[in-house]
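If you want the building blocks of each chain, they are given just below.
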Amino acid sequence: QVQLKESGGGLVQAGDSLRLSCAASGRAFSMYHMGWFRQAPGKEREFVASISWNGGNTYYADSVKGRFIISRDNAKDTVYLQMNRLKPEDTAVYYCAADKSPYRSTLVPENVYWGQGTQVTVSS
């Protein structure tokens, strides 16, 4: 059974940094595109960042480009999201996602496994 477990969320002030981690289990994730989505209260879940199976390509939402960095350690089946210069509008539940199909170049929300989410709250 595939499981994704996020950690690292919390309450911080604007301008601070946080690093989220997502540990995967149940299969080897080194062949799979992985990423992060977030959902703020009253809003739809939105794409944040993703990384290709070998780490060679990364993708970011415009709202986080230049502030967030996604990376992965395939030896540990873990993906990270380094979040810098956080803003109040980054407040959301952050979800880890892993593609169900190997070697794909994009992450499609309809075809991923989801973690349970971790809360990130940024105060002004």
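Scroll up for the structure.
In this text the structure is predicted, and so the values were computed from the model without any measurement. All chains use their own residue numbering, which begins from 1 and follows the written sequence. The model is predicted, so local features are restricted to residues of pLDDT at least 70 and side-chain atom pairs to those at 80 or more, both for listing and for counting; the totals for chains, interfaces and linings are taken over all residues. To get the side-chain values, take all heavy atoms of the structure and skip hydrogens and water.

Draft legend 1. Broad picture of the sheet that holds strand S7 (residues 68-73). Only strands that DSSP links by at least two bridges are regarded as paired with each other. Secondary structure elements are defined from DSSP: runs of H or I of at least 4 residues count as helices, runs of E of at least 2 residues count as strands, and each element is numbered from the N terminus. What the four strands build is an open sheet, ordered S1-S3-S8-S7; its pairing is antiparallel. In this open sheet, the two edge strands, each paired with only one partner strand, are strand S1 (3-7) and S7. Taking the axes of each pair of neighbouring strands and ignoring which way they run, one obtains an average angle of 15° across the sheet. Across six bridges, the pairing between S7 and strand S8 (residues 78-83) is antiparallel. Paired with Arg72 across the two strands is Val79, which belongs to S8. Every angle, taken between N-to-C directions, lies between 0 and 180 degrees, and every axis is a line fitted to C-alpha atoms, over only the stretch in contact when it is a helix.

Draft legend 2. Broad picture of the pairing of S7. The side-chain alternation of S7 yields one buried face, formed by Phe68, Ile70 and Arg72, and one unburied face, formed by Ile69, Ser71 and Asp73. Counting the residues in the hairpin turn of S7 and S8 gives four residues, including Asp77, whose phi is positive at 50°. A simple rule labels every residue: compare its accessible area, found with a 1.4 Å probe on the protein chains alone, to the largest value its type can have, and call it buried under 20%, exposed over 50%, or partly exposed in between.

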